[in-house]
Structures are given as structure tokens and as C-alpha cells.
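# Structural characterization, general
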Amino acid sequence: MGKDNNVFNREVTSINNPHCGINSDFMSKVRHNWTKEEILEIYNRPMMDLLYEAATIHRKQHDPNVVQVSTLLSIKTGGCSEDCGYCPQAARYHTGVEGNDLMTVNHVKAQALRAREGGSSRVCMGAAWRNVKDGPEFDQVLDMVRTINKLDMEVCCTLGMVTENQAQRLAEAGLYAYNHNLDSSEEYYKEVISTRGYQDRLDTIDNVRKTNVTVCSGGIIGMGENIEDRAGMLVALSTLNPQPESTPINALVAVEGTPLEGEKPVEIWDMVRMVATTRIVLPETQVRLSAGRTQMSREGQAMCFFAGANSIFAGDKLLTTPNPDVNEDMKMFKLLGLNPQKPFTKKVQPQTVEAVDSQFEALGEKPKWTRPEHKIDRNEAAKAKRKLVK
Ligand code: SF4
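In this text, all values refer to a predicted model and were calculated from it rather than measured experimentally. (Residues numbered from 1 in each chain as written. Predicted model: local features only at pLDDT ≥ 70, side-chain atom pairs only at ≥ 80, totals over all residues. Heavy atoms only, no water.)

## Let's talk about the packing of aromatic side chains
Note the following rule: Ring geometry is summarised as follows: Phe, Tyr and Trp rings, the Trp one being its six-membered ring, pair when their centres sit within 6.5 Å, and such pairs are stacked at plane angles under 30 degrees, edge-to-face over 60 and tilted between the two. Helix numbers and strand numbers start at the N terminus; a helix is a DSSP run of H or I with at least 4 residues, a strand a run of E with at least 2. For every residue, the accessible area (1.4 Å probe, protein chains only) is compared with the maximum for its type, and the residue is labelled buried under 20%, exposed over 50%, or partly exposed between those bounds. Charge over a ring is defined by NZ of Lys or CZ of Arg lying within 6 Å of the ring centre and within 35 degrees of the ring normal.
For the coordinates displayed, the defined rule picks out two aromatic pairs. Ring plane angle 65° and centroid distance 5.7 Å describe the contact between Tyr176 and Phe344, whose orientation is recorded as edge-to-face. Taken as a pair, Tyr176 in the loop between helix 7 (164–173) and strand 4 (177–179) and Phe344 in the loop between strand 12 (339–340) and helix 14 (377–389) lie far apart in primary sequence, 168 residues in all. Taken as a pair, Tyr176 and Phe344 share a single burial class, namely buried. Ring centres of Tyr189 and Tyr198 lie 5.3 Å apart, and the angle between their planes is 75°; this geometry places the pair in the edge-to-face category. For the pair shown, Tyr189 and Tyr198 are each scored as buried. Here the basic side chain of Arg31 rests over the ring of Trp34, its NZ or CZ set 4.1 Å away from the ring centre. Looking at Arg288, its charged tip hangs above the ring of Phe313, at a distance of 4.8 Å from the centre.

## Observations regarding unusual backbone geometry
Generally, phi is negative for residues other than glycine and the peptide bonds are trans, each holding for most cases. Residue Pro242 follows Asn241 across a cis peptide bond; omega there is 0°. Along the chain, Pro242 falls in the loop between helix 10 (227–239) and strand 7 (246–251). One non-glycine residue, Phe344, lies in positive phi territory at about 60°. A relative accessible area of 17% places Phe344 in the buried class. A positive phi angle, near 55°, is found at Glu373, a position not held by glycine. Among the structural elements, Glu373 can be located in the loop between strand 12 and helix 14.

## Points about the confidence of the model for the protein
Regions with low pLDDT should not have their predicted coordinates read in detail. So the rule is basically this: For every residue, the pLDDT score states the predictor's confidence, bounded by 0 at the bottom and 100 at the top. Whether two residues are in contact is decided by their heavy atoms, any of which lying within 4.5 Å being enough.
For the protein, the mean per-residue pLDDT works out to 91, and 91% of the residues sit at or above 70. Segment residues 1–16: pLDDT under 50, and 24 contacts once partners within four positions in sequence are set aside and those in other chains are kept.

## Some thoughts on the state of the cysteines
Our working definition: Here, a disulfide means two cysteine sulfur atoms that sit within 2.5 Å of each other.
Per the counting criterion, the structure on display carries zero disulfides. Here Cys157 is not disulfide-linked; the sulfur of Cys156 is the nearest cysteine sulfur, at 6.6 Å. Exposure remark for Cys157: the relative accessible area of 0% places this residue in the buried category.

## With respect to the side chain of Gln166
What counts here: Identification of polar contacts relies on pairs of N or O atoms within 3.5 Å, with a donor-acceptor requirement for protein atoms, meaning one able to donate a hydrogen and the other able to accept it, and with residues adjacent in sequence counted only if both atoms are side-chain atoms.
Relative to the assigned elements, Gln166 resides in helix 7. Given the relative accessible area of 2%, Gln166 is considered buried. For Gln166, the side chain forms a polar contact with the side chain of Asp134, separated by 3.2 Å.

## Some remarks on the nonpolar core
Nonpolar side chains in soluble globular proteins tend to end up buried together. Here is the rule: Definition used in this section: a nonpolar core is a set of buried Ala, Val, Leu, Ile, Met, Phe, Trp, Tyr and Cys residues joined via side-chain atoms within 4.5 Å.
With 90 residues, the main nonpolar core has Ile75, Tyr86, Met125, Leu159, Leu170 and Tyr178 as its most contacted residues. Here the element with the most residues in this core is helix 11 (residues 268–281); it accounts for seven residues. Beyond its immediate stretch of four places on either side in the chain, Ile75 contacts Asp101, Leu102, Met103, Val108, Met125, Gly126, Ala127, Val141, Met144 and Leu159. Among the nonpolar cores identified, the runner-up in size contains seven residues, and Leu72, Tyr176, Phe313 and Phe344 belong to it.

## So, the pattern of salt bridges
The line we're drawing: Salt bridge criterion: a side-chain nitrogen from Lys or Arg within 4 Å of a carboxyl oxygen from Asp or Glu.
Taken as a whole and assessed by the stated rule, the structure comprises 21 salt bridges. In this structure, Asp377 engages Lys375 in a salt bridge whose closest nitrogen and oxygen atoms are separated by 3.7 Å. Accessibility assignment for this pair places Asp377 and Lys375 in one class, exposed. Residues joined by salt bridges that share partners form a network here, namely Glu82, Arg130 and Arg196.

## Focus on helix 3 (residues 36–43)
Counted only if it meets this: The arc in question is the one spanned by the directions pointing from the helix axis to the C-beta atoms.
Taken residue by residue, helix 3 has Ile39, Leu40, Ile42 and Tyr43 as its buried positions. In an axial view of helix 3, the angular spread of the buried residues amounts to 160°, which keeps them on one side of the axis.

Following this line, the structure appears as C-alpha cells:
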């Protein structure tokens, strides 16, 4: 944390807000026993009280003028077997997204170098898979992880469900973070996805936690959920022990052809409230502004940074949906006096073990991830529409 900010921290650490009865010293401690009612009370506070509290906690735990910049790279796009209601990559919906093969290691390396030049300290590789399967494709992903770690960048993967052995192999290759979002509350998750259960998500996070890899897990607002669901997701994330090191807060980008195509854009005030509440409930976590940034003004994003967001995704595409241009982001950083976070600021760089020296061999496991397959009307309707278009 910068020197000047420490001076600021000393000034604010003793401030308690007499108007809303908040003791920020108490609030900035990590708690794993948040209740939905407590979180709702925070979310619904008068905006100025909420912002004040979130910003105070943010300054205690993080440098408020430093924002992590990550680049999201779709290494395997489209053709996914899952039915996530928000996702244009699900093969069952007609969204115009073409499936493609897994990227080559060289292509990924070139993209990572470009991202590093553009100020990114992390590359997050996403594959449209239900779960990781041992075999040549996973071996190729492990090579990508080794390659990017050797570029001294943080490497994150989001590949679907993983077993403990697969998580260990990723850790050995030098993976820094694994992303696996909870998306929403357990109750609302069932309204969006029928091809796997919430417990599968939690089990995957648990498998990652058994390694040195950090956990990135968050969700999406604007899917038709209510505020109780947003609070329910934060209960689930805060209960994790340790809490995730990184939490993306996405605003739904309603893509034509998906079951959620008709959802209204998220209001900026909902985003600010969600970011601020996340900051208070997950004080040590890096809170990431993710999908939906193109719909936000610079002023709106600045408000989110003030409320505790300290990470963004850079690059003109977020998997398949639009994202602000890198140059635009850098202009915004200059305007706001923000600096990109250096890699390995929060945790030391993992070592890469070469494939020949690996202690973990592929087990060829066939884990029984669930398939509840309950009926979600809007998912069924979007699927039927695809058949008509075909
Ligand atoms: S979110 Fe992931 S798992 Fe779900 S349909 Fe899209 S690519 Fe598949």
C-alpha cells in the first residue's frame, strides 16, 4: 500500500459513523456468519451511508488508487452442453456464436504478451466446458498455464467443474487463480440453470481450496433475481472459509437468443449498491467490475471504484460480449489517478513444475457431477426458438 494512502488510512481508521451506527473497525473484520437480513440491511442503507462505509473499509484493506487489470481470453468458444440462461455459448440457444477448437499455446502466448503490454497483470482463460476432462486438451491447457506463468503474469482459468486431482495439476503448472462463479443465490440458481446443481459449484471451489490456487467466485445481477437473491449469494460467498480472493460482479448483458434476452439493463445504482455491499461483506477480497461495463458511464465506474471495486477486465471482448477498449480504460485510469496493480501483489508467484517432473498423473476420473434437469420454462422456450430458426 502506498505511503500517502497509509496517512489517509490512519486518519480514517478511528472514524465511526454516528449517523448510521456503523463501527467500521468492527465491520472491516472478516466474518463468515453473515445473515441474509444483515446483508439486506446494508444493501438498503441510504446511499451516502453505504458509500461512506464501503469506502472506509476499502481504504483499510486496499490501496484505493490501485486497480487490478485482467484480460479474459476465450480459449475454447461456444458449443457448450450446459443450459445457463445468460450464456450465448450454450449450444442449445440460437445466438450466432460459432463454436471453435481449443486455441494453440502459441496463440495464447501472443495474446498474453499483448495483454501485458496493455497493462494487464493477469490472464484469465475461459473454456466453454461443463467440466474438465483428462486428456490432450487439458494437457494443452496445462501448457498454456506454464507458458503464461513464465511471462510473470498471474494465470487464472475458468474451465467448469474440476476434481481435486485436476486442481492439483493446474496448481503444479503454476495456476494463480481458478474462477468458478456461484452466479446467484442457491434458490435463484435453479431458475437459471438445470444442467448442474449449486453443490457442484461449491464442491469445485472446495477442490481448488485443497491446493495453493486462489479462488475467484462471484455472480451476475440483472437476471430477474430479487434483492434477497443478491444477499443470498453474498451469504454463500462470505461463508466460504477462506473467503474468495477475488469476486467478479457482473451486470447481465442480455444477448438475443438466450433465455434472458428480455431482461432490462441493470441500473447503475444497483451496481453501486452491490459492489459496496460486497466490499463490506468480503473486506479483503478483490471486487471485480466484470460484464456490463460498456453500459456504464465513466462516472458510474468511478462510483464503483469508490465503493470498493478494485479490479476490471480489459480487452474489447469478454468471452463473446463487448467490453470497453483498453485505451479507453487507460484514459479513465489517468483521469481518475488510478494505477494498474502489479502482478503477485497479493500473493507470491507460484512455481511451475514441468510436465515431466509432475507428481500428479491423470486419473481419468469420471466424477458424478449432478444433472437435475428440472424444467425452466424460459430455457425451454429459447431452445424451441433455436429449432424454429434452424
Ligand atoms: S456459462 Fe459456461 S457452462 Fe454455462 S453455457 Fe456458458 S460456457 Fe457453458
